[in-house]
Amino acid sequence: MATAAASSWFRRYLLPGLAFKAVVIGGGYATGRELAEFFLGSGPRGGLAGMVLAMGVWSLVCAVAFLFARSAAAYDYRSFFQALLGRFWVVFEAVYLLFLVLILAVVAAAAGTIGTEVFGLPLIVGTLLLIGAIVGVTSFGNQGAEQLFKYASGFIYLIYALFLVFALASFGERIGPALAADVPTDGWIMGGLTYASYNVVAVVAVLPFVRHLTSPRDALVAGVLAGPLAMLPALLFFLCMIAFYPAIGAEALPSDYLLERMGAYWFQILFQLMIFCALLETGVGVV
């Protein structure tokens, strides 16, 4: 009975946020490229403020979407937009199909690159491995996705926590002065709102898991938690990035830039495996 209660608590409060994080994290978030693009231009403190703003927007949108989905019993994106847009729901249908193809193409290409750069495999091997994994997980339906989000999320949070620990040990003395530097914070509001809007479509991937909510209070709590659950790894990563502000903003892959300065090759491989898990989560989430 205790196990069932814990499972119910997890599904009601944490699973929707983990599903939202799964779609948001992708490749650009995981490597820090998106964080540099949207937040680093506002400086260390401005970037953190923009991320907190984006987190707040995600929590607000998720809470409202979960409440609406529960009240309309709309637990997939089609019924959700039929209830929201009426006969114009088909417009979102067309847009989402294009979004689906684009996201799958991006994550498959990124997986192929990881296989080539880390393990020396042909580009197609990593791509096919990711596609096969997505098919394998989604073939088990919502149950398969739930298990993936549960265990892969634990692995992802662990790796980001270790990343912060290694960063503090290797170049932690640079973070404080960079954070205290008098740098203009212009644009942090626009950066936060743009990033939040750019990713907010991920809320439709959460809808199949809203069926576990038992009350409006559940919907509100799950929605509010979705923002922090999705943004926590990014906040940890951004703290590490600001140690090398502003130079790191020009790096194609900020994660590689930081990993090289940690000097732990085994952790570089582990981090790439984490990115593969993040890509798998994104692919499963949108499908």
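Everything numeric here is computed off the predicted structure, so don't read it as measured data. All residue numbers refer to position in the chain's written sequence, counted from 1. Note on the predicted model: pLDDT of at least 70 is required for a residue's local features to be given, and 80 or more for side-chain atom pairs to be given and counted; whole-chain, interface and lining totals, by contrast, use all residues. Side-chain figures throughout are based on the complete set of non-hydrogen atoms in the structure, without hydrogens or water.

A. Geometry of the overall build of the protein. Here a strand is any run of E in DSSP of at least two residues, a helix any run of H or I of at least four, and the numbering for each starts at the N terminus. If you tally the helices and strands in the protein, you get 13 helices and 0 strands. Beginning at the N terminus, the succession of helices and strands in the protein can be written as α-α-α-α-α-α-α-α-α-α-α-α-α. Only C-alpha atoms enter the radius of gyration; for comparison, a globular chain is expected to reach 2.2 Å times N to the power 0.38, where N is the number of residues. Taken against the 2.2 N^0.38 rule, which gives 19 Å for 287 residues, the C-alpha radius of gyration of the protein at 19 Å falls within 12% of a compact globule. Counting only C-alpha atoms and orienting by the principal axes, one finds that the protein spans roughly 50 × 45 × 45 Å. In this scheme, a residue with accessible area under 20% of its type's maximum is buried, one over 50% is exposed, and one in between is partly exposed, where area comes from a 1.4 Å probe on protein chains only. Relative to its full complement of 287 residues, the protein shows a buried share of 47%. By the convention used here, residues are in contact when the closest approach between their heavy atoms is within 4.5 Å. Residue pairs at least 24 apart in sequence account for 83% of intrachain contacts in the protein once pairs closer than 6 positions are excluded. In the form shown here, the protein has an accessible surface area of approximately 12,700 Å², with 71% of it arising from carbon and sulfur atoms. Note on areas: Shrake-Rupley with a 1.4 Å probe; residue coverage comes only from the protein chains shown.

B. Expanded view of the pattern of salt bridges. For salt bridges, the criterion is a side-chain nitrogen of Lys or Arg within 4 Å of an Asp or Glu carboxyl oxygen. As enumerated under the stated definition, the model contains 6 salt bridges in all. Across the pair arginine 11 and glutamate 146 runs a salt bridge, and its minimum N-O distance is 3.2 Å. One end of the pair, arginine 11, is in helix 1 (residues 2-31); the other, glutamate 146, is in helix 7 (residues 141-171), with 135 residues separating them in the sequence. Residue classification places arginine 11 among the partly exposed residues on the basis of a relative accessible area of 24%.

C. The packing of helix 3 (residues 43-72) against helix 4 (residues 77-85), seen in detail. For the pair helix 3 and helix 4, interaxial distance at closest approach is 10 Å and the crossing angle is 90°. Judged by the inter-axis angle, helix 3 sits roughly perpendicular to helix 4. Where helix 3 abuts helix 4, its residues Ala65, Phe68, Ala69 and Ala72 lie against Phe80, Ala83 and Leu84. Residues are grouped as follows: Ala, Val, Leu, Ile, Met, Phe, Trp, Tyr, Cys and Pro are nonpolar; Asp, Glu, Lys and Arg are charged; all remaining types, including Gly, are polar. Here the residues of the contact of helix 3 with helix 4 sort into 7 nonpolar, no polar and no charged. Only the stretch in contact is used when a helix axis is fitted, and all axes are lines through C-alpha atoms; the angle between N-to-C directions ranges over 0 to 180 degrees. Angle categories are assigned with fixed cut-offs, so that under 35 degrees is roughly parallel, over 145 is roughly antiparallel, 65 to 115 is roughly perpendicular, and the rest are oblique.

D. Summary view of the confidence of the model for the protein. For every residue, the predictor states its confidence as a pLDDT score lying anywhere from 0 to 100. Averaged over every residue, the pLDDT of the protein is 89; the share at 70 or more is 97%. Between the elements of the protein, mean pLDDT differs from a low of 78, seen in helix 1, to a high of 95, seen in helix 3.

E. Inspection of the side chain of lysine 21 at higher detail. Its place among the elements puts lysine 21 in helix 1. Excluding its chain neighbours within four sequence positions, the residues that come into contact with lysine 21 are Ser153, Ile156, Tyr157, Leu229, Ala230 and Glu281.

F. A look at the packing of aromatic side chains. Two aromatic rings from Phe, Tyr or Trp, using only the six-membered ring of Trp, form a pair when their centres are within 6.5 Å; if the ring planes differ by under 30 degrees the pair is stacked, by over 60 it is edge-to-face, and anything between is tilted. Under the criterion given, the structure shown has 27 aromatic pairs. For the pair phenylalanine 81 and phenylalanine 92, a centre-to-centre distance of 3.8 Å together with 15° between the ring planes defines the contact as stacked. Of this pair, phenylalanine 81 sits in helix 4 while phenylalanine 92 sits in helix 5 (residues 89-119), placing them 11 residues apart in sequence. There is no split in this pair, since phenylalanine 81 and phenylalanine 92 are both buried. Here the aromatic rings of phenylalanine 163 and phenylalanine 267 are separated by 6.3 Å at their centres, their planes lie at 40°, and the arrangement is tilted. Of this pair, phenylalanine 163 sits in helix 7 while phenylalanine 267 sits in helix 13 (residues 265-286), and the two are 104 residues apart along the sequence. Of the residues examined, phenylalanine 163 reaches a relative accessible area of 0% and is grouped as buried. On the basis of relative accessibility, which here comes to 0%, the residue phenylalanine 267 falls in the buried class. Through a chain of ring-to-ring contacts, the aromatic side chains of Phe68, Tyr77, Phe80, Phe81, Phe92, Tyr96 and Phe99 assemble into a single cluster. Against the face of phenylalanine 10 rests lysine 150, its NZ or CZ located 5.5 Å from the ring centre. Remark: a charge is flagged as sitting over a ring if the NZ atom of Lys or the CZ atom of Arg is within 6 Å of the ring centre and within 35 degrees of the ring normal.

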